[in-house]
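One letter stands for each residue in the lines below.
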Amino acid sequence: MWGQLLAILYRDLLSEWRAREVVIGMLVMALLTLLVFNFAFDLTGAQRAASGSGAFWVAVVFATLLGLGRMTARERQDGAWEGLVLAPVERSVIYVAKLLSMVLFVAIVDLVALVVLAALFDLPVFRPGVLVVLALGTVGLCALGTLFSVMTAQAKAREVLLPALLFPLAIPVVIGGVRAMMLELSGAGAEAAPWKSLLGGFAVLFAALSVLTFGVVVEE
Amino acid sequence: MAKRSSGLSWLAVLGGASFVLVALSVAMIFLYAPADATQGDVQRLFYLHLPAAWLAYVSFFIIFVSSIAFLLRGTPFWNRLARSAAELGFIFTTLVLLTGSIWGRPIWGTWWTWDARLTTTLILWFIYLGYFLLRAYITDPERGARYAAVLGIVGFVDIPIIHMSVRWWRTLHPQPIVVRSEGPNMPTEMLVTMLVTLVAFIVLYLFLLIVKYRIETVRDAVLELRAETAN
Amino acid sequence: MTSSTPVLRCDDPILIVDGLTKRYGWKTALSEVSFSVAPGTCLLIVGPNGAGKTTLLRILAGLTRPTAGTISWFGRAHQVVPVEVRARLGVVTHRTMLDPDLTVAENLFYYARLYRVAEPSVRVREVAELVDVVGLLHERVRQLSRGLQQRVTLARAFLHRPDVLLLDEPDTGLDRASRERLRALLDRYRERGGTVLLTTHAYEFGLEVATWALYLDRGRVVWTAADPTQVRAQLTEMDSPVVPV
């Protein structure tokens with residue numbers, strides 16, 4: 001099981017390292033979103049902890065959607081997905097492997113976007129609390145995103161369907177992420193605790209539900 | 001033949017009952033129930049708003065249960081039931097949003113407010129929308145049914161979390177005035193009207209659900225026939 | 001309906017397909033397909049485009065779920081093809097299943113680990129020799145022609161020493177020499193007790209390897225032929241001319 005998990009993970013990462021199709025696209029998307037938000041909202045004033053967190057999470061969600069779409073497209077193109085489904089690998093292992101590679105990709109985007117946020121908007125982002133919020137939110141977002149990307153992979157208009165499913169269901173992550181990050185950035189980290197448990201609970205709950213239901217969505 | 005006609009008449013009774021009850025509740029809302037002391041006539045929307053809201057959430061509960069049953073058993077019954085409940089749930093959610101908005105305009109002074117319950121209901125509306133899109137965009141109906149069941153389960157589990165997060169985020173909805181430990185805090189006429197309307201809505205809902213279920217059964221049968229004749 | 005469909009039965013089957021039906025909405029891809037497969041044989045599945053050949057193989061491989069009917073692999077009926085069965089099947093579909101940005105060796109290694117092949121490096125080299133791609137082991141798949149990729153795909157299907165091969169047009173893109181090699185490979189595979197289910201548009205290629213055949217048209221089994229001469233006779237009798245290789 002672990003060998004298979006690592007094999008899938010290694011292949012995903014090696015493939016991405018060679019092709020650089022997913023993460024680069026996600027990064028460009030995230031940074032452009034931050035840039036546009038800079039024109040839409042005041043990200044330098046006293047309110048910048050609030051609007052900065054909002055801009056950051058919108059950028060991350062957009063980048064994640066793009067990355068999930070790209071990953072799926074790459075995987076389906078030459079039948080690598082078929083090869084994986086045919087192999088004697090438990091469906092839950094496939095899910096966990098795909099979730100982990102997606103979390104890694106989004107984590108890269110998180111960190112780069114965080115540096116940009118710190119540099120452009122003069123926010124004290126490098127606090128352990130902020131990183132915890134990012135980690136929990138990212139796992140939650142990817143937990144549902146990985147499940148839905150498989151469900152929408154073979155659908156008509158999947159670029160439409162994936163956001164239509166993921167956005168409403170991921171709202172707790174967006175609200176929790178924005179609030180917790182804002183509190184951390186404005187030095188009220190203690191108040192962020194309930195939000196962090198919300199994010200953590202969301203991640204665990206939906207990762208578990210996805211593991212349970214993944215077998216149902218794998219076959220055509 | 002006999003069985004079919006008795007089934008039809010049974011449904012007709014339910015349909016007739018829901019018609020009479022809805023007519024009665026409309027009469028009571030406008031003629032029997034007094035105007036609210038502070039909100040005036042606008043408050044009469046409440047009789048429509050509350051049952052619709054309950055049924056919007058009940059529908060998702062039906063989808064949740066049917067989805068689990070469908071994944072475990074794979075029988076078309078549960079799939080059709082989920083499909084039927086989804087359509088009704090979507091209609092009732094739309095009704096909640098519209099009545100809430102019309103009600104909110106004179107009371108809160110705005111068509112829309114990001115109040116916790118209203119926001120949750122709006123998100124529920126979007127989840128329903130995603131549910132229909134999923135079924136529509138997956139060309140193989142069998143696969144669509146499986147995927148929709150997964151969404152039905154994940155979505156239902158998510159709703160309380162969405163509500164909680166939105167409530168922590170902000171709230172200004174009127175505090176519950178119906179369900180209270182020391183008993184409802186409203187005039188008897190209002191309470192009676194409310195209960196009658198609620199019963200009327202539930203009967204109407206059952207009637208619509210059965211009709212919708214029958215439509216879905218016929219639709220599946222047509223699909224089956226088409227498949228057989230196409231060969 | 002069922003009685004009019006030809007059913008081929010054999011003793012000690014490795015696979016039993018019973019009343020298999022697959023519908024996509026009102027379109028029927030497979031209709032009440034029943035047959036069984038004896039170990040060590042090669043079943044040729046033929047039929048015009050859209051007859052349901054690919055759907056049949058995909059259901060047998062566990063990629064697609066059937067609408068109705070049952071499959072029993074190795075004597076056990078199941079709704080969803082389980083892990084133990086998947087470990088014993090080698091499948092080739094229309095897609096290469098290879099990552100174009102990885103080398104041939106990396107791709108094969110990846111699958112060797114998924115199938116828990118013992119001594120993967122030895123085995124990878126073995127299958128590479130089998131399809132004559134040893135010289136290409138460190139080339140990226142993207143740089144190979146479709147025919148070479150197809151050979152790697154075949155090597156991938158042989159990696160875990162499967163008991164059964166499900167091959168959907170395995171000769172796609174292969175030149176005459178590679179096709180000949182594939183034929184010899186399949187013969188040797190069967191001599192060792194392996195079973196093959198195969199679709200192809202090149203009937204001549206199919207005729208050379210098949211021990212029996214099943215003709216599908218619009219999702220139904222139209223005829224079956226139980227030995228090579230009968231297969232040949234039936235195929236040449238068909239209206240559709242034998243596709244030149």
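This one's a predicted model, so the numbers in the text were calculated from it and none came from an experiment.

Participant: Help me understand the overall build of chain A in this model?
Facilitator: For chain A, the helix and strand inventory stands at nine helices and zero strands. Reading the secondary structure of chain A in the N-to-C direction produces α-α-α-α-α-α-α-α-α. For chain A, the C-alpha radius of gyration of 17 Å lies close to 17 Å, the compact-globule estimate for 220 residues. Principal axes of the C-alpha set define a box for chain A whose edges measure 55 × 30 × 30 Å. When each of the 220 residues of chain A is scored for burial, the buried share is 60%. For chain A, contacts bridging at least 24 residues in sequence account for 79% of all contacts bridging at least 6. Per element, the accessible surface of chain A, about 7800 Å² overall, is 71% carbon and sulfur. Placing the 14 positive and 15 negative side-chain charges of chain A at their respective mean positions leaves the two points 2 Å apart.

Participant: Explanation requested: the nonpolar core in the structure shown.
Facilitator: As a rule of thumb, nonpolar side chains are buried together in soluble globular proteins. Within the largest apolar cluster, 200 residues are counted, with the highest numbers of intra-cluster contacts made by Phe148(A), Phe35(C), Leu60(C) and Leu197(C). Sort the elements by how many residues they give to this core and helix H5 (residues 91–121) of chain A lands first, with 15 residues. Aside from chain neighbours lying at most four places away, what touches Leu197(C) is Leu15(C), Phe35(C), Val37(C), Leu43(C), Ile45(C), Leu57(C), Leu60(C), Val164(C), Leu165(C), Leu166(C) and Leu167(C). Residues Ile29(B), Ala33(B), Leu50(B) and Met194(B) belong to the second largest nonpolar core, which totals ten residues.

Participant: Got a minute to help me understand the packing of aromatic side chains in this structure?
Facilitator: Centre distance and the angle of the planes are the two values used to describe a pair of aromatic rings. All names here are of chain B. This model, assessed by the stated rule, comprises 23 aromatic pairs over all chains. When the centroid spacing of 4.3 Å and the interplanar angle of 20° are considered together, the rings of Phe64 and Phe156 count as stacked. Linking Phe64 in helix H2 (residues 46–73) with Phe156 in helix H5 (residues 141–169), this pair joins segments that are 92 residues apart in sequence. By relative accessible area, which is 17% here, Phe64 ends up buried. A relative accessible area of 23% means that Phe156 is categorised as partly exposed. Both rings, one in Phe92 and one in Tyr205, keep their centres 5.7 Å apart while their planes meet at 50°; by these two values the pair is tilted. One end of the pair, Phe92, is in helix H3 (residues 76–108); the other, Tyr205, is in helix H6 (residues 188–230), and 113 residues separate them in sequence. Overall, the relative accessible area of 3% leaves Tyr205 in the buried class.

Participant: Can you walk me through the interface of chain B and chain A in this structure?
Facilitator: How big an interface is tends to be stated in terms of accessible area lost as the parts join. Counting residues at the interface gives 28 residues for chain B and 32 residues for chain A. Contact between chain B and chain A buries roughly 2700 Å² in total, counting both sides, with carbon and sulfur atoms accounting for 80%. Along the contact surface separating chain B from chain A lie zero salt bridges. Linking chain B with chain A are four residue pairs in polar contact (both at pLDDT 80 or more), by the criterion used here. Within the residue set of the side of chain B that touches chain A, elements represented by two or more residues are helix H4 (116–137) and H5 of chain B. Ranked by residue count, the leading element in the side of chain B that touches chain A is H5(B), at 17 residues. In the side of chain B that touches chain A, the residues fall into 21 nonpolar, four polar and three charged.

Participant: What is the right way to look at the sheet that holds strand S1 (residues 15–24) of chain C in this model?
Facilitator: Sheet strands pair via backbone hydrogen bonds, and the direction of the pair is either parallel or antiparallel. Residue and element names in this part refer to chain C. Taking strand neighbours across the sheet as the criterion, the four strands line up as S2-S1-S4-S5 in an open arrangement whose pairing is antiparallel. If you trace the sheet from one side to the other, it starts and ends with strand S2 (27–37) and strand S5 (76–78), each paired once. Taking each pair of neighbouring strands and ignoring which way they run, the sheet shows an average axis angle of 25°. Pairing between strand S4 (residues 68–73) and S5: three bridges, direction antiparallel. Bridge pairing in S5 places Trp73 opposite Arg76. With respect to the sheet, helix H1 (residues 53–61) is in contact with S1, S2 and S4, its orientation differing from that of S1 by roughly 120°.

Participant: Where do I start with the sheet that holds strand S10 (residues 220–225) of chain C in this structure?
Facilitator: All names here are of chain C. With mixed pairing, six strands are arranged side by side in an open sheet as S6-S7-S8-S3-S9-S10. Across the chains shown, the open sheet's two edge strands, defined by having one partner strand only, are strand S6 (89–92) and S10. Taken pair by pair, the neighbouring strands of this sheet meet at an average axis angle of 15°, ignoring direction. Note: strand S9 (residues 212–217) against S10, five bridges, orientation antiparallel. Within S10, the residue paired with Ala213 across the bridge is Ala225. Contacts between H1 and the sheet are confined to strand S3 (42–46), S6, strand S7 (164–168), strand S8 (195–199) and S9, with S7 contributing the most and set at about 150° to the helix. This element, helix H5 (residues 146–158), spans S6 and S7 of the sheet and lies at about 165° to S6.

Participant: When you look at the pattern of salt bridges in this model, what are you seeing that I'm missing?
Facilitator: Opposite charge on two side chains allows them to pair when their charged atoms are near. Tallied over the full model, the rule gives 36 salt bridges over all chains. The shortest N-O distance in the salt bridge between Glu21(A) and Arg74(A) comes to 3.2 Å. Of the two residues, Glu21(A) is situated in the loop between helix H1 (2–19) and helix H2 (22–40) and Arg74(A) in helix H3 (residues 48–77); the sequence distance between them amounts to 53 residues. For Glu21(A), a relative accessible area of 29% gives the class partly exposed. When salt bridges that share partners are traced, they join Arg11(A), Asp12(A), Glu21(A), Arg70(A), Arg74(A), Glu75(A), Lys98(A), Asp99(C), Asp101(C) and Arg142(C) into one network.

Participant: Help me understand the interface of chain C and chain A, please; the structure alone is not making it clear to me.
Facilitator: In this assembly, 29 residues from chain C lie in contact with 31 residues from chain A. Summed over both sides, the interface between chain C and chain A buries roughly 2900 Å², with carbon and sulfur atoms accounting for 50% of that surface. By the criterion of area lost to chain A, the three top residues of chain C are Arg86(C), Tyr110(C) and Leu114(C), representing 22% of everything that side buries. Across the pair Asp101(C) and Arg74(A) runs a salt bridge whose closest N-O atoms are separated by 3.1 Å. At the surface where chain C touches chain A, the tally comes to 15 residue pairs in polar contact (both at pLDDT 80 or more). Of all the elements in the fold, those that place two or more residues in the side of chain C that touches chain A are H1, helix H2 (83–86) and helix H3 (104–114) of chain C. The leading source of residues in the side of chain C that touches chain A is H3(C), at five residues. Residues that form the side of chain C that touches chain A fall into these classes: 14 nonpolar, five polar and ten charged.

Rules behind the numbers
Residues numbered from 1 in each chain as written. Chains lettered and ligands numbered in written order. Predicted model: local features only at pLDDT ≥ 70, side-chain atom pairs only at ≥ 80, totals over all residues. Heavy atoms only, no water. Helix = DSSP H or I, 4+ residues; strand = E, 2+ residues; numbered from the N terminus. Rg over C-alpha atoms; globule rule 2.2 N^0.38 Å. Buried < 20%, exposed > 50% of the residue type's maximum accessible area, 1.4 Å probe, protein only. Contact = heavy atoms within 4.5 Å. Areas by Shrake-Rupley, 256 points an atom, 1.4 Å probe, with all protein chains shown as cover. Lys, Arg positive; Asp, Glu negative; His and termini not counted. Charge placed at Lys NZ, Arg CZ, Asp CG, Glu CD. Core = buried A, V, L, I, M, F, W, Y, C linked by side-chain atoms within 4.5 Å. Phe/Tyr/Trp six-rings, centres within 6.5 Å; stacked < 30°, edge-to-face > 60°. Buried area = accessible area lost by both parts, 1.4 Å probe. Salt bridge = Lys/Arg side-chain N within 4 Å of Asp/Glu carboxyl O. Polar contact = N/O pair within 3.5 Å; in protein donor to acceptor, adjacent residues only side chain to side chain. Nonpolar A, V, L, I, M, F, W, Y, C, P; charged D, E, K, R; others polar. Pairing = 2+ DSSP bridges. Axes fitted to C-alpha atoms, helices over the stretch in contact; angles between N-to-C directions.

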